[in-house]
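Fold and geometry: a report
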Amino acid sequence: MLNRVNPFMQKLINKKSIFFISIILLACFANCFNSSFKFDIQFSYKPDSAGFYFIQGLLDKSLFNNDLFALAMRKQAEVLGFCFLAWKLYVILMHFFSLVIALKIVSIAFCVICAAIIYKIGTHLYAQNEAFLLSGLFSVYFLSSDIFIGGQLRAFGASMLIVFLYFFVKEKYIYLPLISLLTFFVYPPIVPMLMIQCFIVLFFLDNKKPRIMRSYVFILAVACLSIGLSAYFGPAGEFIKVIFKSLPVFSQYKYTQGVNYPLNPYNPLSSIWYFIFNINEYTAQYKYFTVAFIILSLFFIAARRRRALLLPRQIWIMLLASGLSFLLLYPFHPTFASRQFVFSIPLLLVFLNSTNLSNVNKIKDKPFVFLLPLALVFILINPRYNATISVRKYSPVYDYIEKLPKGVMIAGDPGSVLLQSVPLFSKRTIFYADEMHDISLLAYSGQELVERKNELMKALYAGSKEALNSFIGKYKIDYFLIEASRYSGRPNRQFLFDLAKKNYEFKIEIDGQEIIVLNTREIK
């Protein structure tokens, strides 16, 4: 009996199986543990994920009907609009899971799928051990960013680029324009660099096979026409036009993200460091890994010179296409331009270091000698530097707010993490939050948002019921969410806080701070 089982077990528990089980566990670890090593799958929070609350309104049409952003995104999701296919995937998953769990499932699944595709690319280009090294470096490095964390849209973008790269490396060029068209409905920002690669491919087609050449040109023309018409006349086009109307302020956070002063995008150093390498785009751990990967690359270039740069031509073409699309877009909007490098530079560093490490005999023969310590380093630094904020402690507040009528409008301090995450965890509309300013530009103009915030701040600092009621009546506010830490001891805000303590509908103390839900009817 044992002799029969052993061969089966040997096939099942081989190097490849253990490797991919490890990738799954690593992706689960990165998505499901916070800085306290708590399994925090239900109430974990990341600022980008907060913008996905509207997806819940696709499943329940009675949600967010007084939220202009949610209504705009619902329109996009009901037809072939911006990220149409991504939203549809989440709606399917939400029949079985909560949105928060669906976001994590997507991240884990996409990470493992992409690692498998990268492994297949590696086996096509190199030997198996080198493919393990390539896929392992990719997994750790991309998990160090938030690409495969919290269901970000960029997970879809990275996946489409990697699928594109797979067919490019396999020289199945006929699929490339179709993948570019599909990407337009999944993650449009990288379409320019994909389309440039499609045009570069024209130089590689065999002129001796005119039928293949004609088919490729026809498919490329259809893809270009479809993208062009959708970008101008379709729902995705409406989305793009709104973004271009808001260009001066849309994605403005990029200029202050992770830095002590606003960036000047026309400073060459800022352009390279922050818009090409996107060093402030992700978590602190991504910075550490990026710097380490750059130093390692430079070491190999110094030691091996030209041989260190002997990468597959497809990688250099991807980098060339990224550079050309970056130069075309940068004068119009540096943040959009930065999307052209957001996956390609990390992929370049992965391929560069993998190719050169595989020339080190000990690593070439035993890639796990290098990958295992790398994974352990990631596991050790991830809990502290992953930039994930746990809001589990607020679960009683979320539970209470979720019991309020679906159409209520809730206002509060615009910098509050609790307030900002209410739509995601309680499925109720909030009036304004600083972190959601960027996405709100898709429904409001920049001036409208400035006015809304100014009116909100005046109300919070109001010293009379008359001023509060004026704001409440104008914007139909039903509740104030008040955290003592943001009001107590601030004379200008003390009036509203004292009022809430006397007339609260719900009150709880968390970490020694009172949190109050105040029904605005109690103010009149």
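Scroll up a little and you will see the structure.
Residues numbered from 1 in each chain as written. Predicted model: local features only at pLDDT ≥ 70, side-chain atom pairs only at ≥ 80, totals over all residues. Heavy atoms only, no water.

**Considerations on the overall build of the protein**
Quick reminder of the rule: The helix and strand labels rest on DSSP assignments: H or I over at least four residues marks a helix, E over at least two residues marks a strand, and numbering proceeds from the N terminus. The atom set for the radius of gyration is the C-alpha atoms, and the globule formula is 2.2 Å times the number of residues raised to the power 0.38. Three exposure classes are used, based on accessible area relative to the maximum for each residue type with a 1.4 Å probe and protein chains only: buried under 20%, partly exposed in between, and exposed over 50%. Every accessible area reported is derived by Shrake-Rupley at a probe size of 1.4 Å, with residue values counting cover from the shown protein chains alone. Counted as positive: Lys and Arg. Counted as negative: Asp and Glu. His and the chain ends are not counted at all. Throughout, a charge is located at the NZ atom of Lys, the CZ atom of Arg, the CG atom of Asp or the CD atom of Glu.
If you tally the helices and strands in the protein, you get 26 helices and seven strands. For 524 residues, the compact-globule estimate of 2.2 N^0.38 gives 24 Å, and the C-alpha radius of gyration of the protein, at 25 Å, lies within 12% of that figure. For the protein, the spread of C-alpha atoms along the principal axes amounts to about 80 × 60 × 50 Å. The buried share of the protein, reckoned over its 524 residues, is 54%. Counting only carbon and sulfur atoms, one obtains 63% of the accessible surface of the protein, whose full area is about 23600 Å². Taking the 53 positively charged and 30 negatively charged side chains of the protein as two groups, their mean positions are separated by 13 Å.

**Describing the packing of aromatic side chains**
Inclusion rule: Two aromatic rings from Phe, Tyr or Trp, using only the six-membered ring of Trp, form a pair when their centres are within 6.5 Å; if the ring planes differ by under 30 degrees the pair is stacked, by over 60 it is edge-to-face, and anything between is tilted. A positively charged side chain is recorded as over a ring if its NZ (Lys) or CZ (Arg) lies within 6 Å of the ring centre. The angle to the ring normal must also be within 35 degrees.
As enumerated under the stated definition, the model contains 44 aromatic pairs in all. Ring centres of Tyr 187 and Phe 343 lie 5.9 Å apart, and the angle between their planes is 55°; this geometry places the pair in the tilted category. Of the two residues, Tyr 187 sits in the loop between α9 (176-184) and α10 (191-201) while Phe 343 sits in the loop between α16 (334-338) and α17 (344-357), which places them 156 residues apart along the sequence. Centre to centre, the rings of Phe 299 and Phe 300 are 5.5 Å apart; their planes meet at 65°, and the pair counts as edge-to-face. The class for Phe 300 is buried, based on a relative accessible area of 6%. Put simply, the rings of Phe 52, Tyr 53, Phe 54, Phe 64, Phe 69, Trp 87, Tyr 90, Phe 110 and Phe 156 pair up and form one aromatic cluster. Just above the ring of Phe 204 sits the side chain of Arg 313; from NZ or CZ to the centre is 4.2 Å.

**Regarding a positive patch on the surface**
Rules: Only residues whose relative accessible area exceeds 30% and that form no salt bridge are eligible for patches; like-charged ones are grouped when within 9 Å, while nonpolar side chains (Val, Leu, Ile, Met, Phe, Trp, Tyr) are grouped when within 5 Å. Salt bridge, as applied in this entry: a Lys or Arg side-chain nitrogen positioned within 4 Å of an Asp or Glu carboxyl oxygen.
Together, Lys 16, Lys 120, Lys 170 and Lys 172 make up a region of like positive charge exposed at the surface. Relative to the helices and strands, Lys 170 resides in the loop between α8 (153-169) and α9.

**With respect to a nonpolar patch on the surface**
On the surface, a cluster of nonpolar side chains totalling about 480 Å² of accessible area is made up of Leu 225, Leu 229, Tyr 232 and Phe 233. When you line up the elements, Leu 229 lands in helix α11 (residues 210-232). Look at Leu 229 and you get partly exposed, because its relative accessible area is 43%.

**Let's talk about the sheet that holds strand β4 (residues 429-430)**
Going by this rule: Criterion used throughout: strands pair if DSSP finds at least two bridges between them. We call two residues in contact whenever any of their non-hydrogen atoms come within 4.5 Å of each other. In this analysis, axes come from line fits to C-alpha atoms, helices being fitted only over the stretch in contact, and the angle between any two N-to-C directions falls in the range 0 to 180 degrees.
One open sheet accounts for five strands, arranged β4-β3-β5-β7-β6; its pairing is mixed. Looking at the sheet topology across the chains shown, the edges are occupied by β4 and β6 (506-510). With respect to the sheet, helix α26 (residues 494-503) is in contact with β5 (479-483) and β7 (513-519), its orientation differing from that of β7 by roughly 80°.

**Details of the side chain of Ser 325**
Threshold: Pairs of N or O atoms within 3.5 Å make up the polar contacts considered here, provided that, within protein, one atom can donate a hydrogen while the other can accept it, and that residues adjacent in sequence are counted only when both atoms are side-chain atoms.
By secondary structure assignment, the location of Ser 325 is in helix α15 (residues 313-329). For Ser 325, a relative accessible area of 2% gives the class buried. In terms of polar contacts, Ser 325 uses its side chain to reach the side chain of Gln 340, at 3.2 Å. Excluding anything up to four places from it in sequence, Ser 325 contacts Pro 192, Met 193, Ile 196 and Gln 340.

**Focus on helix α19 (residues 368-385)**
Definition in use: Helices are assigned an expected span. That span is 1.5 Å times one less than the residue count.
Given a rise of 1.5 Å per residue, 18 residues ought to cover 26 Å, and the 24 Å separating the end C-alpha atoms of α19 matches this to within 8%. Burial in α19 covers these residues: Leu 371, Leu 374, Ala 375, Phe 378, Ile 381, Asn 382 and Pro 383. Check the buried side of α19 and you find it contacts α2 (15-32), α7 (128-144) and α14 (284-304). The positive-phi residue at the C-terminal boundary of α19 is Ala 387, with phi of around 60°.

**Some points on the nonpolar core**
Just so we agree on the cut-off: Residues belong to a common nonpolar core when they are buried Ala, Val, Leu, Ile, Met, Phe, Trp, Tyr or Cys residues joined through side-chain atoms within 4.5 Å.
Judged by nonpolar contacts, the single largest core of 188 residues is most densely connected at Ile 55, Trp 87, Phe 138, Phe 148, Phe 480 and Leu 481. Broken down by element, the residue count for this core peaks at 15 residues, all from helix α6 (residues 99-125). Residues within four places of Trp 87 in sequence aside, it is in contact with Phe 52, Phe 54, Ile 55, Leu 58, Met 73, Ala 77, Phe 82 and Leu 153.

**Side note on α15**
With 17 residues, α15 should cover 24 Å at 1.5 Å per step; its first-to-last C-alpha distance of 24 Å lies within 8% of that length. All of the buried residues in α15 are Gln 314, Ile 315, Ile 317, Met 318, Leu 319, Ala 321, Ser 322, Gly 323, Ser 325 and Phe 326.

**Some points on the environment of Phe 277**
Relative to the helices and strands, Phe 277 is located in the loop between α13 (268-276) and α14. Separated by 171 residues in the primary sequence, Phe 277 and Glu 448 have C-alpha atoms spaced 33 Å apart.

**Let's talk about the packing of α11 against helix α12 (residues 235-245)**
To characterise two packed helices, one gives the angle between the axes of the helices and the distance between these axes. How we decide: For classification purposes, angles smaller than 35 degrees are called roughly parallel, those larger than 145 roughly antiparallel, those between 65 and 115 roughly perpendicular, and all remaining angles oblique. Three classes are used: nonpolar for Ala, Val, Leu, Ile, Met, Phe, Trp, Tyr, Cys and Pro, charged for Asp, Glu, Lys and Arg, and polar for all others, with Gly counted as polar.
Their axes nearest at 5 Å, the elements α11 and α12 cross at an angle of 60°. Between α11 and α12, the interaxial angle falls into the category oblique. Between α11 and α12, the contacting residues are Ser 230, Ala 231 and Tyr 232 on the first element and Ala 236, Gly 237, Ile 240 and Lys 241 on the second. Here the contact of α11 with α12 is built from residues that sort into four nonpolar, two polar and one charged.

**Side note on the pattern of salt bridges**
Evaluation of the coordinates by the stated rule reveals nine salt bridges. Residue Glu 281 is joined to Arg 339 by a salt bridge in which the shortest nitrogen-to-oxygen separation is 3.0 Å. You can see Glu 281 sitting in the loop between α13 and α14 and its partner Arg 339 sitting in the loop between α16 and α17, a full 58 residues away along the chain. For the residue pair Glu 281 and Arg 339, the accessibility class agrees, reading buried in each case. Put simply, Lys 393 and Asp 511 hold a salt bridge, and the shortest N to O gap is 2.9 Å. Remark: Asp 511 occurs in the loop between β6 and β7 and Lys 393 occurs in the loop between β2 (389-390) and α20 (395-402); sequence separation between them is 118 residues. Accessibility expressed as a relative area gives 40% for Lys 393, which makes it partly exposed. By relative accessible area, Asp 511 is classed as exposed at 61%.

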